[in-house]
Amino acid sequence: MYVDGLVNTEDLQAHVLQDIATHVKTLDLTLEHLERKVITLADISESQEVQEISDLILAGNASLIIDGYAKAIIFPASGFETRAVSEPESESAIRGPREGFIENLRVNTSLIRRKIKSTDLKIISRQVGEQTKTSVDVIYIDGIADPKVLEELKTRLDRIKIDGIFETGYIEELIEDHPWSIFPQVQVTERPDSVAANLLEGRIAVLVDGTPFVMILPATFWQQFQASEDYYDRFYIAIFLRAIRLVFLGIALLLPALYVAVTTYHQEMIPTNLLLSIAASREAIPFPAVVEALIMEISFEALREAGVRLPKTIGQAVSILGALVIGSAAVEAGIVSAPMVIIVSLTGIASFTIPKFSLAISVRLLRFPLIILGSVFGMFGLVIGMVFILTHLCKLRSFGVPYFEPIGPMHFSELKDVFVRMPIWMQNKRPREFVKRNRKRQVQHLSPSPKQNN
């Protein structure tokens, strides 16, 4: 018994049916004889539960049932089509591995096994979804991962009652600590090297069958700024790139709101020549600055969404040409001013510098309430908004770990990999919030000997 399309019929014919056909006339055609001497497949198991047998068949296995026996032989024969391992599109890198996860769970676990060849790497399997029965694997390194976080994760997975799971986003919403928060509380990646590096730091990975995206938890706010490429380039290059990301994070979040607040309430903060230029460009504009900013921001988001949904061959061209044509036409028609087009364009570019898309989309959404606050209360409104955001970030937790760690609470020894990326040989301790034991990394700086220097 098997489901056509889920099994490899050639293997089934060669290792099961053909061998059974040669022994069908023998008197010793028993279940035990077939299992031990006839079927030449690995991982053969037995079952006598109808529900278990049907679940295994629907998962891509085949079963052999003989009249007169109250149990069935189950053997793996999966053979459905999957795409080849390729470079992940959402996390491309100039330097580093080019392989990414695919939709096959067993291939994904093997990619992690290739990175970490240790017997301490453990995998816990679960089935989630009353109808889909989706396979979910929890991967961690025994002796490094926090047992309390692991037990809490298993408890939350066991509590999930839902018809189907098709992507990690389903599980993310069902297990996160603060479901109403706009900030992502787990890290999502397509890169096996990123998963392996986080496992070595004491985190836990959750893989779902049918999706190339893997969840990593616990997650922190600063973790969203780290790209795998930071650790493959020289450390001073990584320091420069992280500084660029932090600066452009502030631009992506605050620049439109700051422009609206300053031009509406605090014109004295603008240099005189620049103020005269802005006033001249806005002379024929019928809308206030806040309406102008909202029109441009919403139009930019619509163009970005259109570029994503259109076919790849024309999506980028349409989004770029649309932005240029609409922007220039709006300026010429007197709907928006030229400085506003520059502000929105710079803000859009800044949002692309954030490595993780889940944090970038949160920043894009937060721009709109900050623009409203800046238009109503000026700079005072921006201060109120930023205090609220920082307070919210300090209150968040990801599986018990402070989201703003190591800044809140402050751990000076762990600042080596936050705003800057110090040399690898200086990062000899794992984060204390993730790892309660075995915190020391095996890192040694091998400096050249005096003879080599001479």
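Residues numbered from 1 in each chain as written. Predicted model: local features only at pLDDT ≥ 70, side-chain atom pairs only at ≥ 80, totals over all residues. Heavy atoms only, no water.

The antiparallel open sheet is built from 3 strands, whose spatial order is β1-β3-β2. Only two strands of the sheet have a single neighbouring strand rather than two, namely β1 (45-47) and β2 (61-64). Strand-to-strand twist of the sheet, defined as the mean angle between neighbouring strand axes without regard to direction, takes the value 35 degrees. Where β1 and strand β3 (residues 72-76) come together, 3 bridges link them in antiparallel fashion. Note on β3: the bridge partner recorded for S45 is I74. Against the sheet, helix α3 (residues 50-58) touches β1, β2 and β3, its axis set at about 135 degrees to β2. (Pairing = 2+ DSSP bridges. Helix = DSSP H or I, 4+ residues; strand = E, 2+ residues; numbered from the N terminus. Axes fitted to C-alpha atoms, helices over the stretch in contact; angles between N-to-C directions. Contact = heavy atoms within 4.5 Å.)

Below, the discussion takes up the sheet that holds strand β5 (residues 134-141). Pairing in this open sheet of 5 strands is antiparallel, and the strands run β4-β5-β7-β8-β6 from one edge to the other. On the outer flanks of this sheet lie β4 (121-128) and β6 (187-189), each paired with one strand and no other. Taking each pair of neighbouring strands and ignoring which way they run, the sheet shows an average axis angle of 25 degrees. By the bridge criterion, 3 bridges tie β6 to strand β8 (residues 214-217) in an arrangement that is antiparallel. Each bridged residue has a counterpart across the sheet, and for V188 the counterpart in β8 is M215. Packing of helix α6 (residues 168-175) onto the sheet brings it into contact with β5, β6, β7 (204-208) and β8, and relative to β8 it is tilted by some 25 degrees.

Moving on, we get to the pairing of β4. For a regular strand, side chains alternate in direction, first toward one face of the sheet and then toward the other. When β4 meets β5, the two strands line up antiparallel, connected through 8 bridges. When the bridges of β5 are listed, V128 appears paired with T134.

Next up on the list: the confidence of the model for the protein. Put simply, the protein has an average pLDDT of 86, and 91% of its residues get 70 or more. β7 holds the highest mean pLDDT among the elements of the protein, 95, whereas helix α15 (residues 450-453) holds the lowest, 52. (pLDDT = per-residue confidence, 0-100.)

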